[in-house]
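Here is what each chain is made of, one letter per residue.
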Amino acid sequence: MNVLVFLIPISLSLGGLGIWAFVWTLKSHQYDDPSGDAARILAEEE
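Residues numbered from 1 in each chain as written. Predicted model: local features only at pLDDT ≥ 70, side-chain atom pairs only at ≥ 80, totals over all residues. Heavy atoms only, no water.

Caption draft 1: The overall build of the chain, seen in detail. A count of helical and extended segments in the chain gives two helices and zero strands. Taking the principal axes of the C-alpha coordinates as reference, the chain spans close to 60 × 20 × 15 Å. Per-residue burial over the chain gives 4% buried out of 46 residues. (Helix = DSSP H or I, 4+ residues; strand = E, 2+ residues; numbered from the N terminus. Buried < 20%, exposed > 50% of the residue type's maximum accessible area, 1.4 Å probe, protein only.)

Caption draft 2: View of unusual backbone geometry. For histidine 29, which is not a glycine, the phi torsion comes out positive at approximately 60°. Residue placement: histidine 29 occurs in the loop between helix H1 (3-27) and helix H2 (34-42). The exposure class of histidine 29 is exposed, given its relative accessible area of 55%.

Caption draft 3: Expanded view of the packing of aromatic side chains. Applying the stated criterion to the full structure yields two aromatic pairs. Measuring from ring centre to ring centre gives 6.4 Å for tryptophan 20 and tryptophan 24, while their planes differ by 15°; the resulting arrangement is stacked. Separated by four residues within a single helix, tryptophan 20 and tryptophan 24 lie in helix H1, roughly one turn from each other. With a centroid separation of 6.3 Å and an interplanar angle of 40°, the aromatic rings of phenylalanine 22 and tyrosine 31 are classed as tilted. (Phe/Tyr/Trp six-rings, centres within 6.5 Å; stacked < 30°, edge-to-face > 60°.)

Caption draft 4: Local environment of the side chain of threonine 25. Here threonine 25 lies in helix H1. According to the relative accessible area criterion, threonine 25 is buried, its value standing at 15%. A distance of 2.7 Å separates a polar side-chain atom of threonine 25 from the backbone oxygen of phenylalanine 22. A polar atom in the side chain of threonine 25 sits 3.3 Å from the side chain of tyrosine 31. The residues contacting threonine 25, other than those within four sequence positions of it, are Gln30 and Tyr31. (Polar contact = N/O pair within 3.5 Å; in protein donor to acceptor, adjacent residues only side chain to side chain. Contact = heavy atoms within 4.5 Å.)

Here is the structure:
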């Protein structure tokens with residue numbers, strides 16, 4: 001049971017870090033142009 005004293009805060013902090021990273025990617029506009037990325041992959045110019 002003593003291990004839960006360590007595991008619960010560690011898991012909560014890792015979950016919070018994941019949520020923070022997701023919100024950071026949303027705010028830095030990482031997901032704004034998915035159709036443009038698909039068109040760039042299929043373009044033949046280099």
